[in-house]
Every structure is written in structure tokens, then in C-alpha cells.
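Coordinate analysis (summary)
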Amino acid sequence: MITENYDVIVIGGGAIGLATAYHLGKRKAKTLVLEQFTFVNQLGSSAGVSRQFRIPYPDEYMVQMALDAQPYWDELESASDTSLLDKVGTLWFGDPAVHSTEGNIAEAEAALKALNVPYTTLTAKEIEEKYHFKNLPETYTGLFQPDGASINFKATIEALLGLCQKEETVELKENSPVLKINQIGKLFEIETPNGIYITEKLSIIPGPYINSVINLLDFKIDATYWNMSSAYFKKTDPAIQYPTWFVFQNAIGQNGNQFYGFPSVDWDHPEYIRVAPDFVITPLDEPNERTLIPNQQELGYTAEWVKDHMTGLSTEPEYTSTCLIALSTIPNKELLIDFAPSYVPNHKNIVLYATGWAAKFTPFLGKIMSDLALDGHTDFDISPFQLGQKFFKAI
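Quick caveat, the model's predicted, so the values are computed rather than measured.

What follows covers the overall build of the protein chain. When you go through the protein chain residue by residue, the secondary structure sums to eight helices and 21 strands. The globule rule puts the C-alpha radius of gyration for 395 residues at 21 Å, and the 21 Å found for the protein chain is close to it. Counting across all 395 residues of the protein chain, residues that qualify as buried make up 57%. Contacts in the protein chain between residues at least 24 apart in sequence constitute 73% of all its contacts with a sequence separation of at least 6. With an accessible surface of roughly 15900 Å², the protein chain has 49% of that area assigned to carbon and sulfur atoms.

In C-alpha cells:
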């Protein structure tokens, strides 16, 4: 069955896809969201319950993006009448010389200073005294930024889903993978197992499954895939609390390097603290290689780090899980926000978001993607996130 035309079809019903549909609905654009699995699933980059909201980044444009995202979180909490962020602050600490997937402490300080963002510098001893860590090398330094928060990410997705369901112009279809994209003049015909849909504009946001969709338009992006492990550690001291944190360090022997963690929160195993490795031992070549079972070696390294450097916690990982993430292999391109390459017909009516850790920007990215789809431009400077023609690969 062929339905009537839509103004925009959003491919991908995860957090950012739903945020995009929410903003499209606010502008009364006739919108269809196609999700290949069910909504609020655990099979992509929306998996899990909590995420970190933070301001520190090694680049000023990323700090600015985090600052710009804050009022959109406030608006989403107000619109959904749901508390989504537990503001506990962000602690970055470790070896000041280390450059990791998250950046570098000194560069982050410089970016925060440049934009007049408040933060506090810390010595290793102060980190131990104030934040319950132990046995840190004396050379470690840190910074604390008070606006960091733990995001109730499952509630965020549910809130966006609920708001989309209330919008008269937004239609939601799950279990609807896109099988084919046909060009009919300036229109797109989208084939799924459940029907064929026609639209003027496409917003492609399928998380780590990006290439399975854009391959249908005869191009792809270069990415690697991490099946990230996660675990919870029971509090042996019920009164203990941590901020959101990230440690920068080089691997000692074969014991892994970067780790990050969360406070205990009311919405997710409140007697536990979540701690996870920010590395994978073996990246995946394709998203269909993922598994729901975490790598035991990665969890072992994490448990060892908890034992050696955290207080008030058991060292047995529990409630383990995985989350699939796509990461760009293009240098200095964490998030990719762009139109399709020019050799794709009607490319200015195809906007895509792909790769990187972006949960903290969810409602703001929804605004950016909706404006790009409807207006062909956004007030936010997306130039640091655009691929440029040379980084798209024709297939």
C-alpha cells in the first residue's frame, strides 16, 4: 500500500531520530519515523539506561555545542514533565599528557577558559579526598565542572516517544526496516516490509546502522564499531556517592586504560554504581557482528580498576550489558552531520547524522536535524561536523 506524501521521513527511531521527529512535529511538518526494530530497544546506540552530560571537551566548538544543548534539555524536561538530568558534576582526571577518545585534560581546560565556563582544578590528593578515589599516582591532575549530569537516557527516549505520539502530524512505525529507496523526480519512495511511503525530504539517523541505509543511495562512510561493555558494582558503603567521571591514563601492562563512571541514581539499580571501560579489545567491522554478551576481559580490567582505585564498592561486576556504537575513522570528525554527497540525486533533501557519542546533545541535535531537513540550513555552525565530498565513498 502506498500512503500519501510526507514532508519528512526520519529513518531511525532511536533517541536522536525521535528528537528530530519531535521538533518536526512542533513545526507541524507531516513526519513519519521508520524504526527497524521496536522503539526503546537495546540493539543500537540508544541501549542502556544512563549517559553522561558534560561540558568539558578539548575543542571550543564542542564545548559550545554542550552549552547550546542545555536549554533544549530544560525545554524537554518541561514539555514531558519529567526529570531527565541528575546534576552531579563532571570529574576528569588522570595523566595530563594522555590524549584519549575523550580528548586531553589540558586542552579541555583551555577550551573551558576560552568560553568562560567555570571549573576547578584538582591535584591527585584532592581527587582522593573529595571524590572517594584511592591510590592515584601523584602526577595525576584533574578538573571538576559543576554542570555535568547523569542523564536518565531511557526516560529521555520514552519522553520523546510520548511527545511524538501526541503530535498530530507525526506517525511512528516500528519493525519497519528500509529495504529500498527509489528516486521519483524530486520525491523519495521508501520501501519497507510494511508498506511504501513517499516523502520530499529524508532525515537519516539509524545510529550504527548508517551504512545499511545510505548504501541504498549508493554511498557509505568509513566507520569502525565498538560493542562497548558495561557493568554495575554494588555499594558496600550505602552513603558513598560519585560524580560522573572519566580517567585518562595509559595502559599499565595489559590492564586497559580509559574508564568512566556514574553516580548511583534512583532510576537504575540505586544500590549500585555503574563503571565501564572506554575501550574495546577488538573493534567490529560490521554492526551485525555485535553481541549482547560483554567481553569478559574488558569487564575484568574494569573490576581490577575498581578494586585498585575506588572506595565503597564491591569488585564483582553485575547487571552487565553491551551498547553498539559507530565511530568515524576520519581524523577529528567525531560527529558527522551533513547532506548527502552531491552525486546523489536530490542530495540537498537528504540530511544525515552518524557516529560518535552524542546522547548529551539529543534534544539539540533533534532541533539541528529538523531545521536542516525543512530549511536546508541551521543557525548552529555544523562546519566542524561536515564530511566534505572527499570523505564520502561511492559504492
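Here helix 2 (residues 60-80) crosses helix 5 (residues 153-166) at 60 degrees, and the two axes come no closer than 10 Å. For the pair helix 2 and helix 5, the crossing hand works out as left-handed. Between helix 2, through Trp73, Leu76, Ala79 and Ser80, and helix 5, the contact on the second element is made entirely by Thr156, Ala159, Leu160 and Leu163. Residues that form the contact of helix 2 with helix 5 fall into these classes: six nonpolar, two polar and no charged.

For the rest of this paragraph, the subject is the domain arrangement of the protein chain. By domain assignment, the protein chain separates into domain 1 (8-46 + 154-220 + 331-394) and domain 2 (90-146 + 224-328). Put simply, the middle of domain 1 and the middle of domain 2, counted by C-alpha atoms, are 30 Å apart. Listed as interface residues are 13 residues of domain 1 and, on the opposing side, 15 residues of domain 2. Taken over both partners, the interface formed by domain 1 and domain 2 buries close to 1100 Å², and the fraction arising from carbon and sulfur atoms is 62%. Broken down residue by residue, the surface that domain 1 buries against domain 2 is led by Pro208, Thr355 and Trp357, which jointly contribute 48%. In this assembly, domain 1 and domain 2 are joined by zero salt bridges. Between the two partners, domain 1 and domain 2, sit four residue pairs in polar contact (both at pLDDT 80 or more).

Secondary-structure assignment places lysine 235 in the loop between strand 14 (223-234) and strand 15 (244-248). By relative accessible area, which is 11% here, lysine 235 ends up buried. Sequence separation between lysine 235 and glutamate 271 is 36 residues; the distance between their C-alpha atoms is 5.9 Å. Those residues within four positions of lysine 235 in sequence are excluded, and the remaining contacts are Ile240, Ser264, Pro270, Glu271, Tyr272, Ile273, Gly312 and Leu313. At a separation of 3.3 Å, a polar atom in the side chain of lysine 235 contacts the main-chain carbonyl oxygen of isoleucine 240.

The rules behind the values
- Every chain begins its residue count from 1, and numbering advances along the sequence as written.
- Two thresholds apply to this predicted model, a pLDDT of at least 70 for residue-level local features and 80 or more for giving and counting side-chain atom pairs, whereas whole-chain, interface and lining totals are computed over all residues.
- Excluding hydrogens and water, the side-chain values take into account all heavy atoms of the structure.
- Secondary structure counts use DSSP, requiring at least four H or I residues in a row for a helix and at least two E residues in a row for a strand, with both numbered from the N terminus.
- Taken over C-alpha atoms, the radius of gyration is set against a globule rule of 2.2 Å times the number of residues to the power 0.38.
- Here the term buried applies to any residue with accessible area under 20% of the maximum for its type, exposed to any over 50%, and partly exposed to those in between, with areas from a 1.4 Å probe on protein chains only.
- Any pair of residues with heavy atoms lying within 4.5 Å of one another is described as a contacting pair.
- Here the Shrake-Rupley method, with its probe set to 1.4 Å, supplies the accessible areas, and only the displayed protein chains count as covering residues.
- Helix axes are fitted to C-alpha atoms over the stretch in contact, other axes to C-alpha atoms as well, and angles between N-to-C directions run from 0 to 180 degrees.
- In this scheme the crossing of two helices becomes right-handed for a clockwise turn of the near helix relative to the far one and left-handed for an anticlockwise turn of less than a right angle.
- For this classification, Asp, Glu, Lys and Arg are treated as charged, while Ala, Val, Leu, Ile, Met, Phe, Trp, Tyr, Cys and Pro are nonpolar and the rest, including Gly, are polar.
- Domain limits in this description derive from either an automatic procedure or a database domain assignment.
- By buried area we mean how much accessible surface two parts lose on assembly, using a 1.4 Å probe and totalling the loss over both.
- Criterion for a salt bridge: a side-chain nitrogen of Lys or Arg within 4 Å of a carboxyl oxygen of Asp or Glu.
- The term polar contact refers here to a pair of N or O atoms within 3.5 Å; inside protein, the definition further demands a hydrogen-donor-capable atom paired with an acceptor-capable atom, and it admits residues adjacent in sequence only when both atoms are side-chain atoms.

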